[in-house]
Amino acid sequence: MECSKIGNTDIEVTKLCVGCMSFGKAGTMHDWTLDEAESEKVIKHALNLGYNFFDTSNGYSAGTSEQYLGRALKKNIARDKVVIASKVYFNEGRLSRKAIMREIDGTLSRLGTDYLDLYIIHRFDYDTPLEETMEALHELVKEGKVRALGASAMYGYQFHNMQIVARENGWTPFSAMENHYNLLYREDERELIPICKQMNVSLMPYSPLAAGHLARPQWKSDSLRGTTDRVAMGKYDKTETEDMKIVKRVAELAEKYDSKMSQIAIAWQWAKGIVSPIIGATKTSYLDDAAGAFNIKLTAEDIAYAAYYTALLNGTGTMSPLQKVEWRCISLWQKMMNIMVLRKQGMPMIACEMLISPKDGQMNRLMKYCRWRFRIMSISIAGEYTIIMGSECSI
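Rules used throughout
- Residues numbered from 1 in each chain as written.
- Predicted model: local features only at pLDDT ≥ 70, side-chain atom pairs only at ≥ 80, totals over all residues.
- Heavy atoms only, no water.
- Helix = DSSP H or I, 4+ residues; strand = E, 2+ residues; numbered from the N terminus.
- Buried < 20%, exposed > 50% of the residue type's maximum accessible area, 1.4 Å probe, protein only.
- Contact = heavy atoms within 4.5 Å.
- Areas by Shrake-Rupley, 256 points an atom, 1.4 Å probe, with all protein chains shown as cover.
- Salt bridge = Lys/Arg side-chain N within 4 Å of Asp/Glu carboxyl O.
- Expected span 1.5 Å × (residues − 1).

1. Some details on the overall build of the chain
Helix and strand content of the chain: 14 helices and 14 strands. Sorting the 395 residues of the chain into buried and exposed places 53% on the buried side. Within the chain, counting contacts between residues at least 6 apart in sequence, those at least 24 apart form 73% of the total. Carbon and sulfur atoms form 50% of the exposed surface of the chain, whose accessible area is close to 17,800 Å².

2. Quick word on the pattern of salt bridges
If charged atoms from side chains of opposite charge come close, those side chains can pair. Under the defined criterion, the tally for this structure stands at 19 salt bridges. We note a salt bridge from arginine 225 to aspartate 229, for which the minimum N-O separation is 2.8 Å. Under the relative-accessibility criterion, aspartate 229 is labelled buried at 4%. Note that lysine 260 and aspartate 289 form a salt bridge whose closest N and O atoms lie 3.0 Å from each other. Taken as a pair, lysine 260 in the loop between α9 (240-257) and α10 (261-271) and aspartate 289 in helix α11 (residues 284-291) lie far apart in primary sequence, 29 residues in all. Residue classification places lysine 260 among the partly exposed residues on the basis of a relative accessible area of 42%. Look at aspartate 289 and you get buried, because its relative accessible area is 19%. Taken together, the shared-partner salt bridges connect Asp10, Arg79, Asp117 and Arg147 into one network.

3. Digging into the side chain of threonine 107
When you line up the elements, threonine 107 lands in helix α3 (residues 97-111). What makes threonine 107 buried here is its relative accessible area of 0%. With residues near it in sequence (within four places) discarded, threonine 107 still touches Asn58, Glu66, Ser86 and Leu116.

4. Some remarks on the environment of cysteine 3
The topology assignment puts cysteine 3 in strand β1 (residues 3-5). Note: C-alpha distance between cysteine 3 and leucine 16 (13 residues apart in sequence) is 8.4 Å. If we skip the residues at most four places from it in the chain, cysteine 3 touches Glu12, Val13, Thr14 and Lys15.

5. Quick look at α3
Between its first and last C-alpha, α3 extends 21 Å over 15 residues, near the 21 Å set by a 1.5 Å rise per residue. Taken together, the buried positions of α3 are occupied by Ala99, Ile100, Met101, Glu103, Ile104, Gly106, Thr107, Leu108 and Leu111. In this structure, the buried residues of α3 make contact with α2 (64-76), β5 (83-88), β6 (116-121), α4 (130-143) and β7 (146-152). Backbone geometry just after α3 places glycine 112 at a positive phi near 70°.

Printed below as a string of structure tokens:
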């Protein structure tokens, strides 16, 4: 099991994290969660495999996820041998000072510990001043109740503003980001992920397997979760037709490497700079499969192939102008890697990173198109990589 440190902290975590939303009293949040005995079985197996990182929340199954995790860890391992993360937001008062102070005590009590390694704000709070939230979180660090802070699922500008507030006041900044990221959903590549990398904030995405869609060749599953998880259905089912093209390519790569599809999807995450994707497991075999991903080393061509059809959604469910450019380029040129918006020195930029031979017959056609579309500033060719950069135009 490989390890890495969280941000600028000295907290060392395994490069796979056990997601604890799978644990808790069924019916309090989801119908498919594991009871305490089954939860301990999965947690104990994770420990035997070398996992040391566990992510839960005060809102998972009415707090029973924290209870099950805390009791299982206490029976099977010393506290200082594991890293526990929990979250706050889906509670009365959201991220107000009063709510944070109340909820941390409840979390510590349910987990049966006197400190958390990582405390994560579960969402952005539009109603509480940033200063109030960041100062309250900093107090928890000073008091020794929390070692480090993290955030989850918000816009890039919101995360950036919270970090600036912490820096300007000498408060503890965030060291980790738990965002939604996988081969089927890459929206955060626009802003949030570049900001995190710039600030050395470790990425620990949830749903790296897209609720199982990247772990099987067919879209539907007849499991209890597959038939009852309306949250997952809402996230993914609207784009099933497009996403199945990616699923098919992941299956092809799994066959190439004689591996599981889930291992390809996880290896892709590490190749994209992810520190510790969160693996939600209702069976011990899922943890075995995830650990097997350490044996997979994807090439640049594999990474490009897996992500070939990925669309960066603009939040409306329709194609943005940038997406249309991506699809036009794909039609011109079969080996395009990615399109993403970059911001450099305050100026919006478009960068097209491409895998192509300079001798390819489509190169002149593509360059002509990009000059018209992007007002090209520079074109550089290095081996099989071609980088085209231009100022943002009519996007």
